[in-house]
Amino acid sequence: MDANEEVMMDVDVTPVWKRLCLLDDIPRLGSRVVKSVVGDVAVFRTSADEIFALRDECAHKQGPLSQGIVHGATVTCPLHGWKFDLATGVAQAPDVGSTRVFRVKMEDGHVWLALG
C-alpha cells in the first residue's frame, strides 16, 4: 500500500444520546448549561419550545452564550452583542465566526443531547 493511500474503515458513528432534563426545566427564551468533556454546552429553548445546543462560548471573546438573550432562533452574546444562529452556530453579519453545534432532540417531554 502506498503511504498516500487512504484506508477506509467501517466505523460506527452512531451517537450516544444522554438524557439531560425535562423541557420544562429550561426556561422559555433561556438556557441550561451542561458540563462535558469538550467544555460547557448551552442548551437553549425558544418561545416556540424548539431546543438547540451550542458550545457555551462566543467565537469573539469567549463570552458565555448561555447568559445571552434568546430571540427567535438566535442568541445574542452578553459581552459584545454578537448574534449567533442557534441551528448553525454561525455569527450573523457583519460579525464572522461560529461556535460548535451539538445535536439535541426531545422525546416525551425530555431533552436529549448527542455525545460522541
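Numbering of residues starts from 1 in each chain and follows the order in which that chain's sequence is written. Confidence filtering applies because this is a predicted model: local features only for residues at pLDDT of at least 70, side-chain atom pairs given and counted only at 80 or more, and all residues used for totals across whole chains, interfaces and linings. Remark: hydrogens and water are excluded; side-chain values derive from all non-hydrogen atoms of the structure.

1. Some details on the sheet that holds strand S6 (residues 74-76)
Pairing between sheet strands relies on hydrogen bonds along the backbone, with the strands arranged either parallel or antiparallel.
Point 1. Whether two strands pair depends on DSSP finding at least two bridges between them. The secondary structure listing takes helices from DSSP runs of H or I that are at least 4 residues long and strands from runs of E that are at least 2 residues long, numbered from the N terminus. Taken in spatial order, the three strands line up as S5-S6-S7 in an open sheet, and their pairing is antiparallel. Since the sheet does not close on itself, it has two edges, and those belong to strand S5 (69-71) and strand S7 (83-85), each with one partner. For this sheet, the mean angle separating the axes of adjacent strands, direction not counted, is 25 degrees.
Point 2. Two elements, S6 and S7, share three bridges in a ladder whose sense is antiparallel. In the strand pairing of S7, Thr 76 is matched with Lys 83. Axes here refer to lines fitted to C-alpha atoms; in helices the fit is confined to the stretch in contact. Angles between the N-to-C directions go from 0 to 180 degrees.

2. Description of the pairing of strand S10 (residues 110-115)
Point 1. The pairing of strand S1 (residues 16-22) with S10 spans six bridges and is antiparallel. When the sheet's bridge partners are listed, Val 16 is paired in S10 with Leu 115.
Point 2. Sheet topology note: the strand S9 (residues 104-107)/S10 ladder contains four bridges and is antiparallel. Across the sheet, residue Glu 107 finds its bridge partner in S10, namely His 110.
Point 3. The antiparallel pairing of S9 with S10 creates a hairpin that spans two residues between the two strands, and Asp 108 there sits at a positive phi of about 50 degrees.

3. With respect to the sheet that holds S1
Point 1. Spatial strand order, S1-S10-S9: three strands in an open sheet with antiparallel pairing. Across the chains shown, the open sheet's two edge strands, defined by having one partner strand only, are S1 and S9. The mean angle between the axes of side-by-side strands here comes to 30 degrees, regardless of whether they run parallel or antiparallel.

4. Some thoughts on the pairing of strand S2 (residues 30-34)
Point 1. Note that S2 and strand S3 (residues 41-45) share five bridges and pair antiparallel. Residue pairing in the sheet places Val 33 in a bridge with Ala 42 of S3.
Point 2. Taking the residues between adjacent antiparallel strands as the criterion, S2 and S3 are bridged by six residues, where Gly 39 takes a positive phi near 110 degrees.

5. Some words on unusual backbone geometry
Point 1. Following Ala 93, the chain continues into Pro 94 via a peptide bond in cis, with omega recorded as 10 degrees.
Point 2. Among the secondary structure elements, Pro 94 is positioned in the loop between S7 and strand S8 (101-102).
Point 3. You will see that Gln 62, though not glycine, has its phi angle at about 60 degrees, which is positive.
Point 4. For Gln 62, the position within the fold is in the loop between strand S4 (51-55) and S5.
Point 5. The exposure class assigned to Gln 62 is partly exposed, which follows from its relative accessible area of 45%.
Point 6. Non-glycine residue Asp 108 carries a positive phi angle of around 50 degrees. Partly exposed residues are those whose accessible area sits between 20% and 50% of the maximum for their type, while under 20% is buried and over 50% is exposed, using a 1.4 Å probe and protein chains only.

6. Overview of the packing of aromatic side chains
Point 1. When the centres of two rings from Phe, Tyr and Trp lie within 6.5 Å, Trp using its six-membered ring, the rings pair. Their planes under 30 degrees apart give stacked, over 60 give edge-to-face, and anything left gives tilted. Counting across every chain of the model gives one aromatic pair.
Point 2. Sitting over the face of the ring of Trp 17, Lys 105 holds its NZ or CZ atom 4.4 Å from the ring centroid. Only when the NZ of Lys or the CZ of Arg is both within 6 Å of the ring centre and within 35 degrees of the ring normal is a charge said to sit over the ring.

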